[in-house]
Amino acid sequence: MKLLQIKPFYFRAFCVSAPVVFNTSLTIFYGGNGAGKSSLSEALEWLLYGYTKRRRKGDEYSKNEYKGSYVHNACPTGTAPYVEAQVKLADGSIHLIRRTMKLNKAGLALDQESTLSVDNTPVADLSPINLAYTEAQCPVIVQHGIQDFIHMRPIDRYRVISEALGLSELVEFKDTLERAKIQRRNYPSTEVAQAKKIVAQLIANLKSVDLVTLATRWQLENYSVDADYSLILDKARELSGSQATTLESALKDVRTRQTEEISRVFDIAPFQPNPHLGTTLEQIPPLVAQIQEADAKFKMADATYTGATASSYKVAQLEFWKQGLTLVDTANPEQCPFCEESTITPNRIRGLEARLEADDDLSKSRRSFLRETDSYIALLSQAEQKLPQLEFDFISDKNVSALEKLFESDRERLQAFAAENRQSVQLVRSLRETITWAKDSLSNLKTFVTQPNKVIEAAVTVADIPTRIGKALAEATTSLKQYNEIFVTFKPIFERELSDEATVTKFTSLVDILNNHASVRLIADAKAFDSEILEAQRLVEEHILDQQKVALTSRETEILSWYGLLSPNTDVKFSGLEPGRSEYSLKAEAFGKTMNAAASLSQSQLNCLGLSIYIPSVSAPDSPFKFILFDDPVQAMDDDHHESFLLKVIPELMNKHDFEVIVLTHLKETADRLRDINFTGNFTYYRFDKLQATGPVIVEHIILSDDMKKIRQLAQGNDDNREMAVDRIRVLCENIMREAHLRKKGFRMSVASGTASSMVPHFAQVPSVTPAMVTEIQDTINWSNPAHHTPPGYVVPATTNINPHIERLQKMINDLGLKK
Amino acid sequence: MPKSKLLEDIKRQTKDGLLRALLEAYDPSPDTAQEQKVSMLVAKLEEIFRGRLNETTSN
């Protein structure tokens, strides 16, 4: 399929414009940035595929930002943008293909939805004209695609190369399946999600019935449902004593057992005396002895203190005097600070000092009294801290009733047991109360310490602390020993006949596990299904790997061949591709060593590699395209690669592969060089003028004076140069006629691609063209034609023979005003 | 866009029933949004899984 013309209509930068015509094997477009070049390449891509890669990538970043970007902003409501192209197929037939955007109800273009027509007949695809192609064969090679290739991650480059090898749909299917698998896992159906919750609980239940290994396996989502439930059945039989052989009957038996256990639940532990009661009780007598000792010390200190207070003044009075002596005015030492009379005589001061000295003894005995009191209280606290070792719960009437139901024949013994429990609890409480009373009383005593008379009174109340504590302790000890004895006799009966929460939990867990067999089965099935999906993914990957090998067998040689054209004689070069599951290994060679190409090749070489991968996809035997459009292909190339691309790759495509080549570039140097290389060939050179609100302005770019300058130089050279000069004179004749027609008549010559002679009659119709000009140009064409065909015996004209034709054409250019 | 020959090939060659069913349900068209393609496969997977469950239950 060759491209004859294309007409974008309100697409991207285009509004309403004449079709862009492609009637030469090479079409060069030169234009600055933003002139509308990429709108042309994207129009072609959109026409063929209904989307552009640039837009698709943009949508990945922000659909909102790119929304509507295919539509020109001046597109009137109700007008559907389209791109239309005239193409020529391999069988010679010419067709008009049009892709039109759909409009919504408001008449606005839906740029993501389009319809296709061939020769004005709606079609679903291009199969009616036997046109089938894939995304990989896209004949539009754009710089951003190549740049992406250079900078992309290995996984993304994998996709690009897979696409270039024609495997993109397989890879996309693989990726879609992976995403579907993840989505399914992250958002399971309600029953699977519910079953997962249940199984998570069952894992805890398995642990509570000591099936820890199985719980670990389930935690790892490793199920073998039948074998697992066989283990569970064994455990159910072991715990319940059931002889069941099926899960259903085991569940029934376990449930019965669970009910029994629940009815026999009585936690006797809170009523159990300290198992080390004997040892604890042995610690009591020494403690009592210590209390007695502390009591003796306390009483002695109390006696000393209360004795001292009997012979001294009241403490407050002493304090009053002491304070008074500190307030005496040294300037007037005899004046009393309180009554302000001169009553402080030396004799009185001596008297006061004697009394205060006596009070020192009182202070000492008071401190001693307080210290002993504190020690006494501390010892009692120590005794109090031991009490929890003697304490247990009080058996209530309700507890007794519950036990009596379970032990109907032992009612009398149970009553005795309960009575002993209650007495013990009561006596231990009494002991605690006695100790608390003693501590409180001693603490209270301390508060009266500055009131010796009250201390004397209060000391009487604490006089019998050791006696009272000793009595309470003796009673509690006797009772505890009796209760402990009776508890020990009951203990085996309790252990045999009573159940507890832990046992009930085991049966409850078993019931849950047996009862939720279906949930486990569902999760196991889901897990097995996930494995099947994984297997399907693996098969696709295997298939892709196989296809990669097949594709690379044929393509690698081509890729290397194109790369060799682009990048000859370099020390570091791309050397091949290796298939992989998530990336291709791009190999490079340097000085006989193999390395990773992506890391080793220069930007320029990677640009060449990108082109070398894309070009063979378009020129592959199964590709229907016989044209290729390069949009800024040489941006990242150095001079040598740039020259190789223009001088070798494009001619190879045109001559060897019979491709129509379209090059869009923003580099004038590239465009001019391409024109120069192909000056004698069949090419068109367009220029994008500054973008207008109405769209890009595309004009044929002919600078006749440049051509003339080159011809003059060649005419002075050797045979080869002069032969080229003569051939270029023929091309110059064609350009003069085309340019004159375009400028004087305002439109392109209809036979612009025909032979020079076929243009002459049209040239004759151009205003300002004289009959003499027509005759002269025909004469020069006839004279220069043999240089193009170089028939046998052709003799290259001498410079003196060439010059008259040059001057004739120069005059014609001047006279027709075509110099600029 | 015609359906990829490679997708048709793998569908024809594979003996894996699940993979074949997924390939049949898969829409490779570039006009179809990726999310929609994923949703279609998820729906297919769910349909197959549910079908299997029903089969197990009825057996």
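The sections below set out a description of the structure shown in this document. The shown structure was predicted, so the numbers you read here are calculated from the model rather than taken from an experiment.

### What about the interface of chain A and chain B?
Counting residues at the interface gives 31 residues for chain A and 24 residues for chain B. In terms of residue count, the dominant contributor to the side of chain A that touches chain B is helix 20 (residues 517–566) of chain A (eleven residues). A breakdown of the residues in the side of chain A that touches chain B according to their chemical character gives 14 nonpolar, eight polar and nine charged.

### With respect to the environment of glutamate 723 of chain A
Residue and element names in this part refer to chain A. Structurally, glutamate 723 is set in helix 26 (residues 719–745). Residues glutamate 723 and proline 797, 74 residues apart in the sequence, show an inter-C-alpha distance of 7.5 Å. Setting aside residues no more than four positions away along its own chain, glutamate 723 makes contact with Ala787 and Val796.

### Digging into the sheet that holds strand 10 (residues 585–590) of chain A
Residue and element names in this part refer to chain A. Strand order in the open sheet made by the three strands is 9-10-11, with antiparallel pairing throughout. Edge positions in the open sheet fall to strand 9 (572–578) and strand 11 (593–596), since each of these has one partner strand only. Each strand axis lies, on average, 35 degrees off the axis of its neighbour in the sheet, ignoring direction. Strand direction decides the pairing type here: strand 10 and strand 11, joined by four bridges, are antiparallel. Considered in strand 11, the bridge of lysine 587 is made with asparagine 596.

### Notes on helix 1 (residues 37–49) of chain A
All names here are of chain A. Between the first and last C-alpha of helix 1 there are 19 Å, a value that for 13 residues agrees with the 18 Å anticipated at 1.5 Å per step. A large share of helix 1 lies buried, amounting to eleven of its 13 residues. The set of residues buried in helix 1 consists of Lys37, Ser38, Leu40, Ser41, Glu42, Ala43, Leu44, Glu45, Trp46, Leu47 and Leu48. A positive backbone phi angle near 85 degrees is found at glycine 50, which sits one or two residues after helix 1.

### Overview of the environment of leucine 390 of chain A
All names here are of chain A. Relative to the helices and strands, leucine 390 resides in the loop between helix 14 (346–386) and helix 15 (397–406). By C-beta crowding, leucine 390 is classed as buried, having 22 other C-beta atoms within 10 Å. C-alpha of leucine 390 to C-alpha of serine 424: the two residues are 34 residues apart in sequence and 9.2 Å apart in space. Aside from chain neighbours lying at most four places away, what touches leucine 390 is Asn274, Thr280, Val428, Ala476 and Leu480.

### Details of the sheet that holds strand 2 (residues 20–21) of chain A
All names here are of chain A. The strand order 2-1-4-5-6-7 describes an open sheet built from six strands, whose pairing is antiparallel. What marks the edges here is a single partner per strand, and that holds for strand 2 and strand 7 (121–123). One ladder, built from two bridges, connects strand 1 (residues 2–9) with strand 2; its direction is antiparallel. Note that in strand 2 the partner of isoleucine 6 across the bridge is valine 20.

### Focus: the nonpolar core
Residue and element names in this part refer to chain A. Grouped together as the largest cluster of nonpolar side chains are 135 residues, with contacts concentrated most on Ile28, Ala43, Ile628 and Val661. For this core, the element with the most residues is helix 20, which contributes 14 residues. Isoleucine 628 has contacts with Pro139, Ile141, Val618, Leu653, Phe659 and Val661, leaving out every residue within four places of it along the chain. Ala308, Phe369, Ala459 and Leu473 belong to the second largest nonpolar core, which has 32 residues in total.

Cut-offs applied
Residues numbered from 1 in each chain as written. Chains lettered and ligands numbered in written order. Predicted model: local features only at pLDDT ≥ 70, side-chain atom pairs only at ≥ 80, totals over all residues. Contact = placed C-beta atoms within 7 Å. Helix = DSSP H or I, 4+ residues; strand = E, 2+ residues; numbered from the N terminus. Nonpolar A, V, L, I, M, F, W, Y, C, P; charged D, E, K, R; others polar. Pairing = 2+ DSSP bridges. Axes fitted to C-alpha atoms, helices over the stretch in contact; angles between N-to-C directions. Expected span 1.5 Å × (residues − 1). Buried ≥ 20, exposed ≤ 12 C-beta atoms within 10 Å, placed from the backbone. Core = buried A, V, L, I, M, F, W, Y, C linked by C-beta atoms within 7 Å.

Keep in mind these values describe shape, not function.
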